[in-house]
Amino acid sequence: MLLIVCAVAIYLSCEWFVNAVEWLGERLNVGKMAVGTILAAFGTALPESVVTLVAVTTGGTEEAKNIGVGAAMGGPLALATVAYGVTGAMLLLKRRKEHVRVPALAGMPSSVPDEDVDTLALGSEKDMKRLAKDQKWFLPIFVVKVALGLVAFAFKPVLGLLFFAAYAVYFWREIRGGQDEDGEEVELEPLKFQPKAASPATWAVIAQTLLTLVVIFFASQLFVKQLDAIGPMIGLSASVTALLLSPIATELPEIMNAVIWVRQGKTQLALANISGAMMIQATVPSGLGLLFTKWHFDGALLWSGLITMAAIVYLLLTMRAHKLTPARLAVAAGFYVLFALGLIPILS
């Protein structure tokens with residue numbers, strides 16, 4: 001019952017959060033994509049980052065600190081596979097439910113091939129280039145992150161600072177990039193705190209943002225604890241639960257945000273939230289892990305890193321070929337199934 005209550009609480013609080021964060025972006029005058037990659041991503045990635053910080057700084061044993069390392073690896077894995085896959089599946093369901101073809105871009109022939117229509121469902125070519133650029137930022141950082149888990153040398157902890165610097169550069173690029181956007185207006189729903197106000201008060205926007213973040217944080221932590229308890233009840237070992245189920249639970253806010261934004265027809269914001277959260281997960285928790293732990297990977301952690309990289313390479317190749325469709329995006333979830341199957345011989 002607690003698991004169900006937490007899931008409902010996370011979904012409802014995410015619905016209020018995305019409503020508030022869009023207004024916050026309007027108040028801060030940041031670009032519509034930066035609302036997803038920076039504001040929403042920072043808010044939803046905060047719980048996992050706090051978990052990693054607490055684990056690596058207060059863990060009494062090396063095993064306790066390694067929980068933070070596992071969280072730093074599990075987060076990007078769940079985002080690159082399950083979160084993108086759920087977004088693709090939601091787009092397919094939405095298309096089937098509405099039976100509405102995406103209108104052709106201005107200047108295109110009236111008869112557009114089905115595959116081109118599906119491609120347009122994910123956004124314009126400019127949106128796809130920006131999404132691909134996020135993946136190109138993520139991949140080399142993540143490769144370095146995994147490589148550092150395979151070696152040991154004296155000054156390795158200092159390299160954690162470079163990960164913080166990498167995110168600072170990404171943050172600055174996203175904020176500056178918002179100034180170059182085409183100025184297309186995004187229709188904002190009334191703020192939940194002030195539903196009758198055409199332009200809500202700034203204090204109400206901030207209050208709704210902070211309150212929903214608090215609910216998301218505590219509901220997510222309670223959700224993870226319930227999974228840890230239920231895992232052994234259904235015959236799963238603690239290690240399998242930690243590596244297979246917990247990452248999905250900790251990334252549930254990002255997944256919920258994607259579901260809500262796709263439902264509202266704001267697919268670009270859904271994808272931007274996932275890619276932005278991936279950049280945070282690739283840098284901030286990794287920097288903390290390098291500073292406060294040995295950052296040494298076992299077979300399971302290495303396998304999670306390889307699957308994450310494989311999923312991103314798949315997405316990049318599909319984007320480069322201009323073949324990314326909702327169906328192909330949904331295929332990304334299959335990499336998580338591959339990860340689960342690969343865990344069987346590793347953990348046995």
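A few points on the structure. Quick caveat: nothing in here was measured; it's all calculated off a predicted structure.

### Quick word on the side chain of Ser275
So, point 1. Tracing the backbone through its elements, the reader meets Ser275 in helix α10 (residues 267-292).
So, point 2. With a relative accessible area of 2%, Ser275 lands in the buried category.
So, point 3. At 2.9 Å, the side chain of Ser275 and the side chain of Asp134 are in polar contact.
So, point 4. Setting aside residues up to four positions removed in sequence, Ser275 forms contacts with Thr37, Tyr84, Leu131, Asp134, Gln135 and Tyr170.

### A closer look at the packing of helix α1 (residues 2-28) against helix α9 (residues 252-263)
So, point 1. Closest axis-to-axis distance for the α1/α9 pair is 9 Å, and the angle between their directions is 60°. Taken together, the axes of α1 and α9 lie oblique to each other. Along this stretch, α1 crosses α9, giving a crossing that reads as right-handed. When α1 is examined against α9, the residues Ala7, Ile10, Tyr11, Cys14, Glu15, Phe17, Val18, Val21 and Glu22 are found in contact with a partner set consisting of Leu252, Pro253, Met256, Asn257, Val259, Ile260, Trp261 and Arg263.

### Quick look at unusual backbone geometry
So, point 1. A positive phi is found at Asn29, a non-glycine position, where the angle reads about 60°.
So, point 2. By the secondary structure assignment, Asn29 is in the loop between α1 and α2 (32-58).
So, point 3. Residue His322 is not a glycine yet carries a positive backbone phi of 55°.

### Comments concerning the pattern of salt bridges
So, point 1. Taken as a whole and assessed by the stated rule, the structure comprises six salt bridges.
So, point 2. Between Glu15 and Arg263 there is a salt bridge, with its nearest N and O atoms 2.7 Å apart. Of this pair, Glu15 sits in helix α1 while Arg263 sits in helix α9, and the two are 248 residues apart along the sequence.
So, point 3. We classify Arg263 as partly exposed; its relative accessible area is 41%.
So, point 4. As a salt-bridge pair, Asp134 and Arg173 come within 2.8 Å of each other at their nearest N and O atoms. A residue pair is termed long-range when its members are at least 10 positions apart, and Asp134 in helix α5 (residues 125-148) and Arg173 in helix α6 (residues 160-177) qualify at 39 residues.
So, point 5. Residue classification places Asp134 among the buried positions, given a relative accessible area of 3%.
So, point 6. Here the residues in one salt-bridge network are Arg130, Asp134, Arg173 and Glu174, joined through shared partners.

What counts as what
- Residues numbered from 1 in each chain as written.
- Predicted model: local features only at pLDDT ≥ 70, side-chain atom pairs only at ≥ 80, totals over all residues.
- Heavy atoms only, no water.
- Helix = DSSP H or I, 4+ residues; strand = E, 2+ residues; numbered from the N terminus.
- Buried < 20%, exposed > 50% of the residue type's maximum accessible area, 1.4 Å probe, protein only.
- Polar contact = N/O pair within 3.5 Å; in protein donor to acceptor, adjacent residues only side chain to side chain.
- Contact = heavy atoms within 4.5 Å.
- Axes fitted to C-alpha atoms, helices over the stretch in contact; angles between N-to-C directions.
- Parallel < 35°, antiparallel > 145°, perpendicular 65-115°, else oblique.
- Left-handed = near helix turned anticlockwise from the far one by under 90°.
- Salt bridge = Lys/Arg side-chain N within 4 Å of Asp/Glu carboxyl O.

Limitation: the analysis is restricted to geometry and does not speak to function.
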